[in-house]
Amino acid sequence: MAQSIYLSSSAYPQFSFKGDEQFLGRFVPKKTPCRLRLLSNSRVAPRAAYPVDSRAIEIPRRWYNLIADLPVKPPPPLNPKTFEPVKPEDLSPLFPDELIKQEVTDERFIDIPEEVIDVYRLWRPTPLIRAKRLEKLLDTPARIYYKYEGVSPAGSHKPNTAVPQVWYNAQQGVKNVVTETGAGQWGSSLAFACSLFGLNCEVWQVRASYDQKPYRKLMMQTWGAKVHPSPSTITEAGRRILEQDPLSPGSLGIAISEAVEVAATNADTKYCLGSVLNHVLLHQTVIGEECIKQMEAIGETPDVIIGCTGGGSNFGGLAFPFIREKLSGKINPLIRAVEPAACPSLTKGVYAYDYGDTAGLTPLMKMHTLGHDFIPDPIHAGGLRYHGMSPLISHVYELGFMETIWIAQTECFAGAIQFARSEGLIPAPEPTHAIAATIREALHCRETGESKVILMAMCGHGHFDLPAYEKYLQGDLVDLSFSEEKIKASLAKIPLLEPKLTV
Ligand SMILES: Cc1ncc(COP(=O)(O)O)c(C=O)c1O
C-alpha cells in the first residue's frame, strides 16, 4: 500500500497520484514544478513549488544536539546516593559507553552510523503531509502540515531511537536488553530493533496498557521479545507496589523501576529507555532535521509547532532543530507542547530534582515532575502517563523557548475522529493531543483570519488502539483530570534538594 503513495505520476501517466500533491517525503515529483492546488476555500493561499528533485530530501546524516546551542546549560543529573553530578561510570551498569557519551556530550552534531541509516531507509524519510482536507473541514485559512512517523515498522517515531540504542549495545557485545513500555509502541520498537541485531529483549508493559492492547504484546512476541505486565512479581519494585495495591494499573515510573532493577542486578543485561534522556531526544532529531529540509523545499515556514509530550521525545525530535533555527534568528515559531489533563507534568508539576522511576533507582534529574510515585489515572494515551518531563525539555521550557497546554481525552478523541475522517489516518491516542491542539489553533485562525502555518507531530498510528476508539464512539470515554490532592501527596515525597514549590 505504501508503494502506491510514492509511485511517480510521470512513470504512470494514466493515473493521477495523490502522492504528488501531498506526500513530501519520498514521492517522485512531476517533472515540472507545480503549485499546491487551491482548495475550494478561497482563503487558503497557494504555496511555493514542490521540490524539483525528491533526492534533495535525503535521510539526515547527523543527529542534532540542542544543548550545544543553549545559552545556559541544563543542570546535571545527580547520583542519588552522593547527590554529586553523575559520572559516566555510574551509568555504565545500565547503558553502553557510546550512549553514555551521547548523554553528556556538548557536541552540536553526532554522525548517524551507516548501519543505522541503512535500517532507517526502511521507513525514512517519513512524509510531511499537508492536511488540506482537515483545513477544509475546519474552514480555516491556516495551512496545516503534519510529519507522519506512523510509517515505521512499529507504527511510531520510537524506532528512530530503538535502532541506534540496540546497535550501540550490539557493538559493545551486549546480548540482553530490558525496558518498559507504556503505549506498547516503545516495547514493540525495541523488540523490532533487537530482532534485527540479534539481541534478547524483555519488556515490562504497564498493566493498563497490557490489558488494553493485547496486540501490542503479540507484536513484541512476534519480534521475539518476552513481555511481562507491570507491576510484576518478578522484581522487588513490582512486588512492593502489588503489596500496596494488588490491582495497580501500573505506570511508566513503575515499569522503569522494574526494568532498571533487572539491568542493575544482571551484569549481562543493559537497559534501554524510550524517552526522557538526552540521547533519546538526540536520536529523534532526525525527524526535525528532515522536516526542515522538507519545509524549505516547499517554501513554507512554520508559525506554530505542536507536539504531544509524554517524556518528550517525539516533541523534542521535531522541535529541537527548529529551536536551533529560532535561536539563530532565522525563524520565530511558537512551540507548543500538549499534555494529557490526567498527567500534566510540565503544566502542573514542579521544576525540581526527582527520580525518573517510582522506586527511586535512577539518577536524580532536574525536571518538571508530579512526583515519582504519582500514578496517573489509566487514560488511553498510555505513552503520556509519565510523572516527569525530559530534563532537556524542562530546561528549554524554563528558558522560555516553548509553551505548554493540557487537553482532556474526550476533546482529543473528537479531534482524532475529525482527523481520521478527513485525512484518513487513525492516530495513536498520544498524538490525538497534538491534533486537538492543532484544531484549536486552526479554529482560532478562522476567527482571526490569519493564515498561519501549523506544523504538527503526528507521531504514530492507532491501529492497535481501536478499543479506545470503540469506547469513544459508544460514548463511554470519560475525562480523567489530575487531582490536586494526589499531586500534592506525591510531591511531598520528592527528595528535598531545594525549596519545593506548591501546586
Ligand atoms: C505514539 C506515541 N506518541 C507519543 C508517545 C509519548 O512519548 P514521547 O513524549 O517520548 O514522544 C508515545 C510513548 O509511548 C507513543 O507511543
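Everything below is about the structure printed above this text.
Below is a short write-up of the structure. (Residues numbered from 1 in each chain as written. Predicted model: local features only at pLDDT ≥ 70, side-chain atom pairs only at ≥ 80, totals over all residues.)

1. With respect to the pairing of strand β6 (residues 200-206)
Turning to step 1, where the next piece is worked out: Counted residue by residue, β6 has six buried out of seven residues, so it is predominantly covered.
Turning to step 2, where the next piece is worked out: The pairing of strand β5 (residues 176-181) with β6 spans six bridges and is parallel. Bridging from a neighbouring strand, T181 pairs with Q205 of β6.
Turning to step 3, where the next piece is worked out: In this view, the connection linking β5 to its parallel neighbour β6 by way of helix α8 (residues 185-197) has right-handed handedness. (Buried ≥ 20, exposed ≤ 12 C-beta atoms within 10 Å, placed from the backbone. Helix = DSSP H or I, 4+ residues; strand = E, 2+ residues; numbered from the N terminus. Pairing = 2+ DSSP bridges. Right-handed = clockwise from strand over helix to strand, strands pointing away.)

2. Thoughts on helix α10 (residues 214-222)
Turning to step 1, where the next piece is worked out: Within α10, burial applies to R216, K217, M219 and M220. Take α10 and look down its axis: the buried residues cluster within an arc of 155°, on one side only.
Turning to step 2, where the next piece is worked out: Of the residues trailing α10, G224 is marked for its positive phi of about 100°. (Arc of directions from axis to C-beta.)

3. Quick notes on the site of the ligand
Turning to step 1, where the next piece is worked out: Surveying the vicinity of the ligand reveals 21 residues, the closest of which are Q185, S275, G310, G383 and G460.
Turning to step 2, where the next piece is worked out: Looking at the shell around the ligand, the elements that each hand over two or more residues are α8 and α14 (313-327).
Turning to step 3, where the next piece is worked out: Ranked by residues supplied to the shell around the ligand, first place goes to α14 with three residues.
Turning to step 4, where the next piece is worked out: Here the residues of the shell around the ligand are counted per class, giving eight nonpolar, 12 polar and one charged.
Turning to step 5, where the next piece is worked out: If you count residues domain by domain, the shell around the ligand takes at least three from each of domain 1 (67-108 + 157-271) and domain 2 (116-155 + 284-491). (Near = placed C-beta within 6 Å. Nonpolar A, V, L, I, M, F, W, Y, C, P; charged D, E, K, R; others polar. Domains from an automatic or database assignment.)

4. Regarding the sheet that holds strand β4 (residues 143-148)
Turning to step 1, where the next piece is worked out: Sheet architecture is open: six strands sit in the order β3-β4-β14-β9-β10-β13, paired in mixed fashion. Every other strand in the sheet has two partners, leaving β3 (128-130) and β13 (403-407) as the edge strands with one partner each. Between one strand axis and the next, the sheet turns through 25° on average, direction left out of account.
Turning to step 2, where the next piece is worked out: Pairing between strand β9 (residues 304-308) and strand β14 (residues 453-458): three bridges, direction parallel. Within β14, the residue paired with I306 across the bridge is M456.
Turning to step 3, where the next piece is worked out: The strands touched by α14 are β4, β9, β10 (334-340) and β14; relative to β9, the strand with the most contacts, the crossing angle is about 155°. (Axes fitted to C-alpha atoms, helices over the stretch in contact; angles between N-to-C directions. Contact = placed C-beta atoms within 7 Å.)

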